[in-house]
Amino acid sequence: MAEKPQPLHVVYCGVCGLPPEYCEFGPDFEKCKPWLIQNAPDLYPDLLKEAEAKEADKISGQLQSTSISDGSSASKPEEVKRLPGGKVKKKEKQEIIIEKVTRNKRKCITTVKGLELFGVKLSDASKKLGKKFATGASVVKGPTEKEQIDVQGDIAYDIVDFITETWPDVPEAAIYFIEDGKKVPAV
């Protein structure tokens, strides 16, 4: 009678969760390198040589540096947020864009975009705008999948004063109108 096969013991990377053979194809091979050097040095012998060379360079650099630090630490460069695929995420400009859209010849809708960038809850802002101007106001998703406030009626020029009075964190210089497809400052 044949012996039962015994299960294999597979080691997984402590950083990415892949088997060590596949770490180099994983999402962040640079973060896996220290773990691989410590736990699986036979799989990547070139990593071990590279780590020893870096350590030797670091020690020689410390010996060569003769400057005395005054206790202040060097400022670390800001980490850039990266999206999948290595694309860099851009920071959005803090600005409010007010746009008037005409529908059915005489009816207008005033759209307010960007209020959430100043820490304003859009649902609360929508209620306040609706009460102030006695119109319907709602939070909707715009064409760019970002939320915006739609207010019924042409209140574009009155809304600037209301926004700056109600939310003092919003500077008037950060409010823009879109007229004829061009962005115009509200000031």
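Per-chain numbering applies: the sequence of each chain, read as written, is numbered from 1 onward. In view of the model being predicted, local features appear only for residues whose pLDDT reaches at least 70, and side-chain atom pairs are presented and counted only at 80 or more, with totals across whole chains, interfaces and linings using the full set of residues. The side-chain numbers reported here are obtained from all heavy atoms of the structure, hydrogens and water having been left aside.

Draft legend 1. Looking closely at a negative patch on the surface. Surface patches are defined over residues having more than 30% relative accessible area and no salt bridge, joining like charges when they lie within 9 Å and nonpolar side chains (Val, Leu, Ile, Met, Phe, Trp, Tyr) when within 5 Å. Here the Shrake-Rupley method, with its probe set to 1.4 Å, supplies the accessible areas, and only the displayed protein chains count as covering residues. Criterion for a salt bridge: a side-chain nitrogen of Lys or Arg within 4 Å of a carboxyl oxygen of Asp or Glu. Neither His nor the chain ends is counted toward charge; the positive residues are Lys and Arg and the negative residues Asp and Glu. By convention, the charge on Lys lies at NZ, on Arg at CZ, on Asp at CG and on Glu at CD. Together, Asp158, Asp161, Glu165 and Glu172 give the surface a local cluster of negative charge. One can find Glu165 in helix H4 (residues 156–166). Secondary structure elements follow DSSP: runs of H or I of four or more residues count as helices, runs of E of two or more count as strands, with numbering from the N terminus.

Draft legend 2. Inspection of the state of the cysteines at higher detail. In this description, a disulfide is simply a cysteine sulfur pair whose atoms lie within 2.5 Å. A full pass over the atoms with the stated rule returns 0 disulfides. The thiol of Cys13 is unpaired, and the distance to the nearest cysteine sulfur, on Cys23, comes to 3.6 Å. The structure places no disulfide on Cys32, whose sulfur is separated from the nearest cysteine sulfur, that of Cys16, by 3.6 Å. Only protein chains enter the accessibility calculation, which uses a 1.4 Å probe; a residue whose area is less than 20% of its type maximum is buried, one above 50% is exposed, and one in between is partly exposed. The class of Cys32 is buried, set by a relative accessible area of 0%.

Draft legend 3. Examining the packing of aromatic side chains more closely. Stacked, edge-to-face and tilted labels apply to pairs of Phe, Tyr and Trp rings (six-membered ring for Trp) whose centres lie within 6.5 Å, assigned for plane angles under 30 degrees, over 60, and everything in between, in that order. Counted according to the given criterion, the structure contains 2 aromatic pairs. On the numbers, 5.7 Å between centres and 70 degrees between planes, the contact of Phe133 with Phe162 is edge-to-face. Highlighted residues: Phe133 in helix H3 (residues 122–133) and Phe162 in helix H4, separated in sequence by 29 residues. Phe162 shares its class with Phe133; the two are buried. Cluster of aromatic residues (ring-pair linked, three or more members): Phe133, Phe162 and Trp167.

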